[in-house]
Amino acid sequence: MTERPLRLCIVSHLYPVDAADYKGTHVHEMAAALAARGHAVSVVTPRRLGSAARESRDGVSIRRYRYWGWWRGWQLGQLAGYSPLTLSSLFLIGIAQAIWRVLASRCDLIHAYWVVPGGFIAAVAGGLTRRPMVATAAGSDLNLATSRSLVRLFVRVALAGTRRLICAGSDMKSIALGLGYPEPATTVLHSYIDFDPGAAAEPVSLPGRAAGPRLLWVGNLERPKRPETVLRALARVRMDHPDAELLIAGDGRLRPELEQLAAQLGLADAVHFLGARPHAEILPLMRAAELFIHASDSEGLPVSICEALMSGLPVVAAAVGGVPDLVREGETGFLAAPDDAEAYAAIIGRLLADEPLRVRLAGQARAFAATHLDRHAVIDRLEEIYRSLLNS
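Everything numeric here is computed off the predicted structure, so don't read it as measured data.

Asks: How should I be thinking about the overall build of the protein chain in this particular structure?
Replies: From N to C terminus, the protein chain includes 14 helices and 14 strands. Against the globule reference of 21 Å for 392 residues, the protein chain gives a C-alpha radius of gyration of 21 Å, in line with a compact fold. Taking all 392 residues of the protein chain together, the buried fraction comes to 58%. Entry remark: accessible area of the protein chain is about 15,900 Å², with carbon and sulfur atoms responsible for 53%. In the protein chain, which carries 42 positive and 39 negative side-chain charges, the distance between the mean positions of the two groups comes to 10 Å.

Spelled out as structure tokens, the structure:
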């Protein structure tokens, strides 16, 4: 007997404005994959500059709500640093919109991406509409709960209303258990990445010298990222590899000080700030690089690292959050402390000098991605979680 399609409401504070936007891309890809299987999927998300209030894309019904300050283009990745008016309007209007969408679409359940703020919004909406709620701990939200009392309060309320918790990595699960969440209701499930490294891609114009090895950074130039660690490491690496260059695809508030640091380190001609790039250009950038570099104080399961592994790029990254689930020491890459530029330099220098090692890591990275980040396997498991919750 064929089971009926589900009616799902997804709540997420990050969601792409269009096909070129990479912020929250994996949330849309998951929603679109569920819609492609016949499920009715609605998304509730804060409105951002350049976005429509209502649209349907890839079979997903998207509703974006306004909150105080949305017109400034803020990207609310964390709760710190924003006014009480901004946060209260984000939560209250988000709860009202989620309730309306659940009732209007007769949703079976709510799935929140990130425990805060989405999980808090979904927990309240789920309680008031008597719908079960699933939450995905996919980033630094649970990490922040261990250090900030305000975030901890929101996290505890969200977890209290969560019937199933999906953790993007084993680190997230450990933190959730430490906060008192029951282990039987917790699942580790990596987000699949809709990224085909074998797909045809338009070539992009790349700066610098084509002969030198290229390192690639993809991500926001914001805290808690640590791109300055990579710059300091590159300065050391160029003592033995003077033609090594770094491509930085991303933008943010740290860019002016990073450009200044690059100049101070004598890297003005070796570091190329490409700005925020359309997602379609990430594949050719990865094809043009020898290594993928990532550094951050706090992470869940970075999409950029997943895409690098699928592209067969060895990864050098910080041993934080869920990163060690992806970057397995000596198998798919190497790990270091996020502020240890000397360790980064030693690893990068070793990899640039040892082509057979890079080739071996590249093959193992592709094999790992095919096993753990496959689209169909991840969606199958997600459907199992939904149906087990509704049948319990």
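Asks: How do you make sense of helix H7 (residues 227-237) when you look at a structure like this?
Replies: For an α-helix the count is 3.6 residues per turn, leaving residues at separations of three or four pointing the same way. Burial runs high along H7: eight of the eleven residues are buried. When H7 is considered as a whole, its buried residues turn out to be Pro227, Glu228, Thr229, Val230, Leu231, Ala233, Leu234 and Val237. In this structure, the buried residues of H7 make contact with strand S9 (214-218), strand S10 (245-249), helix H8 (255-264), strand S11 (271-275), strand S12 (291-293) and helix H12 (341-353).

Asks: Honestly, the pairing of strand S7 (residues 164-167) in this entry has me stumped. Any pointers?
Replies: A regular strand places its side chains so that they alternate between the two faces of the sheet. Relative to S7, strand S6 (residues 133-137) runs parallel, the two being bridged by four bridges. Bridged to Thr136 within S7 is Ile166. Two elements, S7 and strand S8 (residues 186-188), share three bridges in a ladder whose sense is parallel. Within S8, the residue paired with Ile166 across the bridge is Thr187. For the segment spanning S7, helix H6 (residues 170-178) and S8, crossover handedness is right-handed.

Asks: For this particular structure, what's the right way to read the sheet that holds S12?
Replies: Read across the sheet, six strands follow the order S11-S10-S9-S12-S13-S14 without closing on themselves; strand pairing throughout is parallel. Each edge of the open sheet carries a strand with a single partner, namely S11 and strand S14 (333-336). Between one strand axis and the next, the sheet turns through 20° on average, direction left out of account. Across four bridges, strand S13 (residues 315-318) lies against S14 in parallel orientation. Across the sheet, Ala318 pairs through a bridge with Ala336, a residue of S14.

Asks: I would appreciate a short explanation of the nonpolar core in the present structure.
Replies: Generally speaking, nonpolar side chains in soluble globular proteins are found buried as a group. Core analysis: the biggest nonpolar cluster contains 96 residues, and Val60, Leu246, Val271, Phe292, Ile305 and Leu326 have the highest contact counts within it. Here this core takes seven residues from helix H1 (residues 25-36), the largest share from any one element. Ranked by size, the runner-up nonpolar core spans 39 residues in total, among them Ala98, Phe120, Met133 and Tyr181.

Asks: Explain the state of the cysteines here, please?
Replies: Tallied over the full model, the rule gives zero disulfides. A disulfide-free cysteine, Cys9 has its sulfur positioned 5.0 Å from the sulfur of Cys107, the nearest such atom. Among the residues examined, Cys9 registers a relative accessible area of 0% and is labelled buried. Note on Cys167: no disulfide assigned, nearest cysteine sulfur contributed by Cys306 at a separation of 15 Å.

Asks: How do you make sense of the packing of helix H2 (residues 84-105) against helix H3 (residues 115-129) when you look at a structure like this?
Replies: A pair of packed helices can be characterised by two numbers: the angle between their axes and the separation between those axes. Viewed as axis vectors pointing N to C, H2 and H3 meet at an angle of 50°, and their least axial separation amounts to 9 Å. Judged by the inter-axis angle, H2 sits oblique to H3. Between H2 and H3 lies a crossing whose hand is right-handed. Residues Leu90, Phe91, Gly94, Ile95, Ala98, Ile99, Val102 and Leu103 of H2 lie in contact with H3, whose contacting residues are Pro117, Phe120, Ile121, Val124, Ala125, Leu128 and Thr129. Residue composition of the contact of H2 with H3, grouped by class: 13 nonpolar, two polar and no charged.

Asks: Before we go on, may I ask you to explain the packing of aromatic side chains in this structure?
Replies: Each aromatic ring pair is summarised here by two numbers: the centre-to-centre distance and the angle between the ring planes. One pass over the structure, following the stated rule, counts four aromatic pairs. Ring geometry for Trp68 versus Trp71: centroids 5.0 Å apart, planes at 85°, classification edge-to-face. The exposure class of Trp71 is partly exposed, given its relative accessible area of 38%. Ring plane angle 70° and centroid distance 5.0 Å describe the contact between Phe91 and Phe120, whose orientation is recorded as edge-to-face. One end of the pair, Phe91, is in helix H2; the other, Phe120, is in helix H3, with 29 residues separating them in the sequence.

Asks: How do you make sense of the sheet that holds strand S4 (residues 60-65) when you look at a structure like this?
Replies: Strands in a sheet are paired, the pairing made by backbone hydrogen bonds, and the direction either parallel or antiparallel. With respect to topology, eight strands assemble into an open sheet ordered S3-S4-S2-S1-S5-S6-S7-S8, the strand pairing being mixed. The strands lining the two open edges of the sheet, one partner per strand, are strand S3 (54-57) and S8. With direction set aside, neighbouring strand axes in the sheet form an average angle of 20°. Where strand S1 (residues 7-12) and strand S2 (residues 40-46) come together, five bridges link them in parallel fashion. In the sheet register, Ile10 faces S2, and the bridge partner there is Val43. Relative to strand S5 (residues 109-113), H3 is tilted by about 165°, and along the sheet it contacts S1, S4, S5, S6 and S7. Contacting S6, S7 and S8, H6 crosses the sheet at an angle of about 165° to S8.

Asks: Is there a simple way to think about the environment of Gly252 in this case?
Replies: If you trace the backbone, Gly252 turns up in the loop between S10 and H8. Residue classification places Gly252 among the partly exposed positions, given a relative accessible area of 21%. Residues Gly252 and Arg223, spaced 29 residues apart in sequence, show a C-alpha to C-alpha distance of 9.3 Å. Not counting chain neighbours up to four residues away, the residues in contact with Gly252 comprise Leu221 and Glu222.

Cut-offs and rules
- Residues numbered from 1 in each chain as written.
- Predicted model: local features only at pLDDT ≥ 70, side-chain atom pairs only at ≥ 80, totals over all residues.
- Heavy atoms only, no water.
- Helix = DSSP H or I, 4+ residues; strand = E, 2+ residues; numbered from the N terminus.
- Rg over C-alpha atoms; globule rule 2.2 N^0.38 Å.
- Buried < 20%, exposed > 50% of the residue type's maximum accessible area, 1.4 Å probe, protein only.
- Areas by Shrake-Rupley, 256 points an atom, 1.4 Å probe, with all protein chains shown as cover.
- Lys, Arg positive; Asp, Glu negative; His and termini not counted.
- Charge placed at Lys NZ, Arg CZ, Asp CG, Glu CD.
- Contact = heavy atoms within 4.5 Å.
- Pairing = 2+ DSSP bridges.
- Right-handed = clockwise from strand over helix to strand, strands pointing away.
- Axes fitted to C-alpha atoms, helices over the stretch in contact; angles between N-to-C directions.
- Core = buried A, V, L, I, M, F, W, Y, C linked by side-chain atoms within 4.5 Å.
- Disulfide = S-S within 2.5 Å.
- Parallel < 35°, antiparallel > 145°, perpendicular 65-115°, else oblique.
- Left-handed = near helix turned anticlockwise from the far one by under 90°.
- Nonpolar A, V, L, I, M, F, W, Y, C, P; charged D, E, K, R; others polar.
- Phe/Tyr/Trp six-rings, centres within 6.5 Å; stacked < 30°, edge-to-face > 60°.

Remember, this is a structural readout, not a statement about activity or role.
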